[in-house]
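Coordinates in review
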Amino acid sequence: MTALFRVTSLASWMQALESGVLPRCPADQRDDCIHVNAAADVEKVAAAYFTADERPVALELDGSSLAGCLSWFPATQTKPWPQARLNLPNLLTKHVLSVTALEAIAIGDSVEGRVE
């Protein structure tokens, strides 16, 4: 199974640690799913949607326990990477295997990060 990641702000992750539930972003609310990514796309997502001030983190998810809820959509002009989504009401902290702080290297107002 492909490793799955969720990129989120450090503030959202800290909120999740308190509540056990990762808050949905506006795109998740709009599409009624949880957007996740393959490792190769984490940097692109961090650069496209987060600023250095947000201190983005990559959450490695337990893909085997989430496989039944996973679907993939092809790349589009606005998202030039395959988009994975979880058809779940919420992503729980129990689904997170590890957390990696993405090194914030300012590029304009965006950041780059690396997940090994």
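Residues numbered from 1 in each chain as written. Predicted model: local features only at pLDDT ≥ 70, side-chain atom pairs only at ≥ 80, totals over all residues. Heavy atoms only, no water.

Topic: the side chain of R6
Heads up, the rule is: Each helix corresponds to a stretch of at least 4 residues labelled H or I by DSSP, and each strand to a stretch of at least 2 residues labelled E; elements are numbered beginning at the N terminus. Exposed residues in this analysis have more than 50% of their type's maximum accessible area, buried residues have under 20%, and partly exposed residues fall in between, with area computed by a 1.4 Å probe over protein chains only. Whenever two N or O atoms come within 3.5 Å, that pair is a polar contact, provided that in protein one can donate a hydrogen and the other can accept it, and provided that, for residues adjacent in sequence, both atoms are side-chain atoms. Residues count as neighbours in contact if any of their non-hydrogen atoms are within 4.5 Å of one another.
Counting through the fold element by element, R6 comes out in strand 1 (residues 4-9). Overall, the relative accessible area of 4% leaves R6 in the buried class. A distance of 2.7 Å separates the side chain of R6 from the backbone oxygen of H35, its partner in a polar contact. Leaving out residues up to four positions away in the same chain, R6 has contacts with L22, P23, C25, D28, I34, H35, V36, V57, A58, L59, L61 and L91.

Comments concerning the nonpolar core
As a reminder of what qualifies: The set of buried Ala, Val, Leu, Ile, Met, Phe, Trp, Tyr and Cys residues whose side-chain atoms join them within 4.5 Å is what this entry labels a nonpolar core.
Among the nonpolar cores identified, the biggest contains 16 residues, and W13, V36, L59, L61, L86 and L91 are the most heavily contacted of them. Elements that contribute at least two residues to this core include exactly helix 1 (10-19), strand 3 (34-38), strand 4 (56-61) and strand 6 (83-86). In terms of residues, this core owes the most to one element, strand 4, which gives three residues. When sequence neighbours within four positions are dropped, the list of residues in contact with V36 reads L4, F5, R6, L61, L70, Q83, A84, R85 and L86. Judged by nonpolar contacts, the second largest core, of nine residues, contains V42, F50, W81 and L102.

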